[in-house]
Amino acid sequence: MTMLTTIPTSATRPFAWRTAVWLARLRRLVNRFLAAVIARHERHAMREALRKLDDRHLEDLGMYRTQIDSNLEELAQTRARMQQPGWH
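Residues numbered from 1 in each chain as written. Predicted model: local features only at pLDDT ≥ 70, side-chain atom pairs only at ≥ 80, totals over all residues. Heavy atoms only, no water.

Colleague: Would you explain the packing of helix α2 (residues 15-52) against helix α4 (residues 68-82) in this entry?
Modeller: At their nearest, the axes of α2 and α4 sit 11 Å apart, and the two run at 150° to each other. Accordingly, the angle class assigned to the pair α2 and α4 is roughly antiparallel. Both α2 and α4 take part in a crossing whose hand is right-handed. Seen from α2, the contacting residues are A39, E42, R43, M46, R47, L50 and R51; seen from α4, they are I68, D69, L72, A76 and R79. (Axes fitted to C-alpha atoms, helices over the stretch in contact; angles between N-to-C directions. Helix = DSSP H or I, 4+ residues; strand = E, 2+ residues; numbered from the N terminus. Parallel < 35°, antiparallel > 145°, perpendicular 65-115°, else oblique. Left-handed = near helix turned anticlockwise from the far one by under 90°. Contact = heavy atoms within 4.5 Å.)

Next comes the structure, spelled out in structure tokens:
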């Protein structure tokens, strides 16, 4: 057994490579956070737009006033599933 085989793998990686991996993870975290903020604002705007419609227009859309929040929540869950890696 030589001295080189006892060095942990993480110590042999170059600092630039570890920094690049860390920055990529940070970028993904920031992107997910911003996507969540944007989605929240879109849901809020959609909720307000639907609440301003009268009952006849809502019925044309196939929903009642009491279903607005539950339908928007269902759409948000569907959108979240579609954004998961591996979804086709």
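Colleague: It is not clear to me how the nonpolar core should be interpreted in this structure. Could you clarify?
Modeller: Nonpolar side chains tend toward joint burial in soluble globular proteins. The biggest cluster of nonpolar side chains holds 5 residues, and these are L50, L58, M63, I68 and L72. Each residue touching I68, except ones within four places of it in the same chain, is listed here: R47, L50, R51, L58 and M63. (Core = buried A, V, L, I, M, F, W, Y, C linked by side-chain atoms within 4.5 Å. Buried < 20%, exposed > 50% of the residue type's maximum accessible area, 1.4 Å probe, protein only.)

Colleague: How do you make sense of the pattern of salt bridges when you look at a structure like this?
Modeller: Pairs may arise between side chains of opposite charge once their charged atoms sit close together. Taken as a whole and judged by the stated rule, the model has 5 salt bridges. Its salt-bridge partner being R47, residue D69 comes within 2.8 Å of it at the nearest N-O pair. Of this pair, D69 sits in helix α4 while R47 sits in helix α2; the two residues are 22 residues apart in sequence, bridging distant segments of the chain. Taking the relative accessible area as the measure of exposure, D69 reaches 37% and is therefore partly exposed. E48 serves as the salt-bridge partner of R51, at 3.9 Å between the closest nitrogen and oxygen. (Salt bridge = Lys/Arg side-chain N within 4 Å of Asp/Glu carboxyl O.)

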